[in-house]
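Chain residues, written in single-letter form:
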Amino acid sequence: MTLILILALVTGAILFGVGVYGALSQTNLVMIMMGVELILSAGMVNLVAFWRFLHPESYSGQMFVLVVMTVMAVELAVGFGVAIARFRAKGSVEMEEAGDLKG
């Protein structure tokens with residue numbers, strides 16, 4: 001039983017690490033958003049693992065997962081909207097060239 005919990009937490013930690021690396025090392029807006037999605041997915045994996053092994057009879061874990069999935073969907077929609085608008089205006093989604101978004 002606890003081996004499955006440890007495997008789930010290690011998987012979440014690996015996803016989190018890959019997501020942080022992807023979000024911090026990339027200059028493309030789409031790749032940064034993919035890193036953030038991996039970070040949120042890692043949090044969701046950890047939430048499900050802790051919910052399953054600590055309080056499987058309550059529905060609070062499922063509600064937290066639904067909230068995280070909603071945040072992921074909203075972040076994805078807003079981020080891709082910004083990326084599409086940026087690409088249509090300037091022809092690029094590189095973050096190094098996004099200095100003109102200030103003000």
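Residues numbered from 1 in each chain as written. Predicted model: local features only at pLDDT ≥ 70, side-chain atom pairs only at ≥ 80, totals over all residues. Heavy atoms only, no water.

Account for the packing of helix H2 (residues 29-54) against helix H3 (residues 60-90), with residues named and values stated.
Remark: H2 packs on H3, axes separated minimally by 9 Å, with the N-to-C direction vectors making an angle of 175°. For the element pair H2 / H3, the angle class is roughly antiparallel. (Axes fitted to C-alpha atoms, helices over the stretch in contact; angles between N-to-C directions. Helix = DSSP H or I, 4+ residues; strand = E, 2+ residues; numbered from the N terminus. Parallel < 35°, antiparallel > 145°, perpendicular 65-115°, else oblique.)

Which residues make up the UniProt feature "transmembrane region" (unreviewed entry) in the chain, and what values go with them?
As annotated in UniProt, the feature "transmembrane region" (unreviewed entry) corresponds to residues 32-51 and 63-85 in the numbering used here. Between the end C-alpha atoms of residues 32-51 there is a gap of 29 Å, over a span that is 100% helix and 0% strand. (UniProt positions renumbered as here; feature names shortened; annotations may be inferred.)

If you had to explain the confidence of the model for the chain to someone new, which residues and values would you point to?
The predicted model of the chain has a mean per-residue pLDDT of 89, with 93% of residues at 70 or higher. Predicted confidence in the chain is weakest over H3, with a mean pLDDT of 89, and strongest over helix H1 (residues 2-25), with 95. (pLDDT = per-residue confidence, 0-100.)

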